[in-house]
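Residue-level structural notes
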Amino acid sequence: MSVQKLKDEAARALGRKDVKYLIGYKKGSYGFRVSPAFIEPKEDIEQLIISPLCNMSLVKYVMMEETLPGLTEQAMKPSKIAIVARGCDSRAINLLIEEKGVPRDKLYIIGVSCKGVIDQRKIEALFPQVTEPAEVTEENGNYIISFQGESHTVPKEELLAELCKVCQYPTPLIYDKLIGDKLPARPANYDDIAAFEALPVEERLAYWQQQFTKCVRCYACRNVCPLCYSTICSLDSLSPQWLRRSVDTSENFMFQIIRTFHLAGRCIGCGECERVCPMNLPLMKLNRKLEKDAKELFGYESGKDPKAKSLLTTFHTEDPQGFIL
Amino acid sequence: MDVLILQKDSIKDFLSSLSTDYLLWAPIEKDGDTLFQPLLDCNNNSPDLAHQAIIIKHSIFPQTEPLYSYDQNDQIQAPDAQDIKQNILFGVRPCDARSFSLLDPVFKGDVPDPYYLARRNKALLIGMACTKPFANCFCTSVGGNPCGQEGLDLLCTDLGDRYLVAVLSEKGKEIINKTSSLFIAAPAEEIKQGAELAQNAERSMKRRIDLAGVTDTLGRIFENPVWKKMALKCIGCGICTYTCPTCYCFDMQDEPMAKKRGRRVRVWDSCMYKEYTLHASGHNPRPTRVERLKNRIYHKFKFNVDTFGTFGCVGCGRCITLCPVNEDIIENLLAVKGAA
């Protein structure tokens, strides 16, 4: 991934008359955390970075945009947001376009071929208490990690986010400009989910009970999800109140069932929900089960094509109907 | 002030002896996370003292607290404060101990809160000095200290194979007396070693900010464009407020129960949520993330100072470490200073 190329493309995007600002990544304020960067035309593009530390999705910000005051007027104008998108992000964008959540011509997409990103928890466990912002590059299957004047080489496998190991589409599926070589698509791999499905139901229930007991309902999983963009969310509704504000295992189950099912046939597997969870809940285990079902039962993969019809709006007579008949 | 030595081998005996009379809370490792939970089995479970618990305030201020239950004939049942057991919070970091001192005036207020105070008055705090502060700790910038004693009954300092235990209150003295055979008086050499560790810890803190005058500055920049810029990356989740040891906002809810009964519960609320300031009319005086993020900073660094005379922040760094989008309160405060 070439940072210079990204900066060149960003400069070109921000030079266009129809682009109002660009969403990319910049160095974070400490250690291994990167920060989203919102850059308006004529602002400094030198702050932009792209590295294996860029482990957050920026797509959500497209959907949050109009909630800021002052931008409403601007948003009425036919202008675009330029956004840096990795493979998974491009699938989220595809799905948003498909669902008419965002019009295609509102986005100027700078696609980045992605070789996978670093799991923040893993790298912080390996190098705890790093205060100064670190830099990471990838070379021959290793990450070269530099901070505080030191440089460390760590095998990529050790730090790579688990989800990136099963990523099918490392190259963006939709973009205006692509940075980096196209990487081949990889076959789906749901071995982890199949192994979990094979456990007895009591064991699975006990597992989730234990996990959901930890949930504190900070709603970070919902808020960060690029596909949770309802302006009125059933979880916030007070009348009727679908979900009690009491935090206990039962209500937490309900919350996570609502959240997960709302992503049935929609989740594109970016793993943001799991990444942001302060209580470390394995939420992608739920999402990937739905992904697997969508694929196995309906041959459907979300976010592959912006012109596709979303799974839940289509019906074919040959669809499996085992649950009815 | 007594200073004693407790061998690390004896910590299990010390905790076991406490757990018979007290409900013992401690940081406990679970699936790779450190949670502050009751330590029920001291023999097979040892506290995780190397990390900071994700949340601590729930031990005194539970996330969900039933206040009373009622039926259709107005028969009200409230929990009895007598039922609350004496608590010991073990392995409390000095910043967290201070946070309870900041919560106290809120709940003592004009109308004392019996639910909070029942737990608080029955709690004894055993601290663990931060001889190795974490990456985002900034307690020294908000009036704290990594080895500070405020709000603690005992403070332990790790000396390798033993703990230096400073006895800081009468309550602390009482529990030492119960297990006095485990303790010996600390030799001057080790007291000196403890003081050196504390000095080094303070010096090793990398994240600092000079907050002199920040309250006055906040009084002048309410409409400054800096807030909009600051809030752009916030996703409006509750991580910063729920993990914050000094955030205390709550909501009251009535919930139906079985057998035609209902209950009124108190649950944590977060000023980062849209619903937090939503009026019945549908109007929301804090309609976007900008106003909400702004409120969080104003509350901690202006309103709390105006009302209680202290910052509403102990510098534990949780909101920085756990924020998934790098919303960093130190950077925010630097931006505030820059906007002045």
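Calculation rules
- Residues numbered from 1 in each chain as written.
- Chains lettered and ligands numbered in written order.
- Predicted model: local features only at pLDDT ≥ 70, side-chain atom pairs only at ≥ 80, totals over all residues.
- Helix = DSSP H or I, 4+ residues; strand = E, 2+ residues; numbered from the N terminus.
- Rg over C-alpha atoms; globule rule 2.2 N^0.38 Å.
- Buried ≥ 20, exposed ≤ 12 C-beta atoms within 10 Å, placed from the backbone.
- Contact = placed C-beta atoms within 7 Å.
- Domains from an automatic or database assignment.
- Nonpolar A, V, L, I, M, F, W, Y, C, P; charged D, E, K, R; others polar.
- Pairing = 2+ DSSP bridges.
- Axes fitted to C-alpha atoms, helices over the stretch in contact; angles between N-to-C directions.
- Core = buried A, V, L, I, M, F, W, Y, C linked by C-beta atoms within 7 Å.

A look at the overall build of chain B
A tally of helices and strands in chain B yields eleven helices and eleven strands. Relative to a compact globule of 340 residues, whose C-alpha radius of gyration would be 20 Å, chain B shows 22 Å and is just as compact. When its C-alpha atoms are laid out on the principal axes, chain B stretches across 65 × 60 × 40 Å. With 340 residues in all, chain B has 43% of them scored as buried. Intrachain contacts of chain B at a sequence separation of at least 6 include 72% that bridge at least 24 residues.

Considering the domain arrangement of chain B
Residues and elements named next belong to chain B. Along its sequence, chain B is organised into domain 1 (3-63 + 70-204) and domain 2 (214-339). Using only C-alpha atoms to locate each centre, domain 1 and domain 2 end up separated by 26 Å. Taken together, the contacts link 26 residues of domain 1 with 22 residues of domain 2. Breaking the side of domain 1 that touches domain 2 down by element, the ones donating at least two residues are β4 (64-71) and α2 (94-108).

Re the domain arrangement of chain A
Interface size is commonly expressed as the accessible area that is lost once the parts come together. Residues and elements named next belong to chain A. Here the domain parsing of chain A yields domain 1 (3-179) and domain 2 (191-313). Those elements that provide at least two residues to the side of domain 1 that touches domain 2 are α2 (59-64) and α4 (87-98). Ranked by residue count, the leading element in the side of domain 1 that touches domain 2 is α4, at eight residues. When grouped by side-chain class, the residues that make up the side of domain 1 that touches domain 2 number eleven nonpolar, four polar and six charged.

Structural notes on the interface of chain B and chain A
At the junction of the two partners, chain B supplies 39 residues and chain A supplies 35 residues. At the level of secondary structure, the elements contributing two or more residues to the side of chain B that touches chain A comprise α8 (239-243), β10 (250-256), β11 (261-268) and α9 (289-308) of chain B. Considering only residue class, the side of chain B that touches chain A consists of 16 nonpolar, ten polar and 13 charged.

Digging into the sheet that holds strand β6 (residues 123-128) of chain B
All names here are of chain B. If you walk across this open sheet you meet the eight strands as β3-β2-β5-β6-β7-β8-β1-β9, and the pairing is mixed. On the outer flanks of this sheet lie β3 (33-38) and β9 (183-185), each paired with one strand and no other. Along the sheet, successive strands turn relative to each other by an average axial angle of 25°, direction set aside. Sheet topology note: the strand β7 (residues 154-158)/strand β8 (residues 162-167) ladder contains five bridges and is antiparallel. Within β8, the position partnered with Leu-154 by the bridge is Val-167. Packing against the sheet, helix α5 (residues 188-204) makes contact with β1 (3-7), β7 and β8, and its axis sits at approximately 90° to β8.

Let's talk about the sheet that holds strand β6 (residues 135-139) of chain A
Residues and elements named next belong to chain A. Strand order in this open sheet of three strands is β6-β7-β8, and the pairing throughout is antiparallel. Each of the sheet's edge strands pairs with one partner strand only, and the pair in question is β6 and β8 (150-155). Across the sheet, the axes of successive neighbouring strands diverge by a mean angle of 20°, strand direction being ignored. Relative to β8, strand β7 (residues 142-147) runs antiparallel, the two being bridged by six bridges. Bridging from a neighbouring strand, Asn-142 pairs with Pro-155 of β8.

Section: the environment of Arg220(B)
Turning to its location among the elements, Arg220(B) is positioned in helix α6 (residues 214-220). Separated by 53 residues in sequence, Arg220(B) and Tyr273(B) have C-alpha atoms that sit 25 Å apart.

Things to note about the nonpolar core
Soluble globular proteins: nonpolar side chains tend toward being buried together. Residues and elements named next belong to chain A. In terms of nonpolar packing, the biggest core is built from 170 residues, with Ile-83 and Ile-110 touching the most fellow members. Here the element with the most residues in this core is α4; it accounts for six residues. Apart from the residues lying within four places of it in its own chain, the contact partners of Ile-83 are Ile-23, Leu-58, Val-62, Leu-107, Ile-109 and Ile-110.

Looking at the pairing of strand β2 (residues 34-39) of chain A
Along β2(A), five of the six residues are buried, which leaves the element largely enclosed by surrounding structure. Connecting strand β1 (residues 19-27) of chain A to the next strand, β2(A), in antiparallel fashion are six residues, including Gly31(A) with a positive phi near 40°.

Focus on the environment of Glu162(A)
Mapped onto the elements of the fold, Glu162(A) is located in helix α7 (residues 162-165). Linking Glu162(A) and Gly111(A), residues 51 residues apart in sequence, is a C-alpha distance of 22 Å.

Things to note about the environment of Val290(B)
Relative to the assigned elements, Val290(B) resides in helix α9. According to the C-beta neighbour criterion, Val290(B) is buried, with 21 such atoms within 10 Å.

Quick word on unusual backbone geometry
In the segment running from Ser239(A) into Pro240(A), the intervening peptide bond is cis, with an omega of 0°. Inspection of the secondary structure assignment puts Pro240(A) in the loop between α10 (220-224) and α11 (249-261). Located in the positive-phi region is Arg217(A), a residue other than glycine, with phi close to 55°. For Arg217(A), the location among the structural elements is in the loop between α9 (201-214) and α10. Notably, Lys259(B) is not glycine yet its phi reads approximately 55°, a positive angle. Tracing the backbone through its elements, the reader meets Lys259(B) in the loop between β10 and β11.

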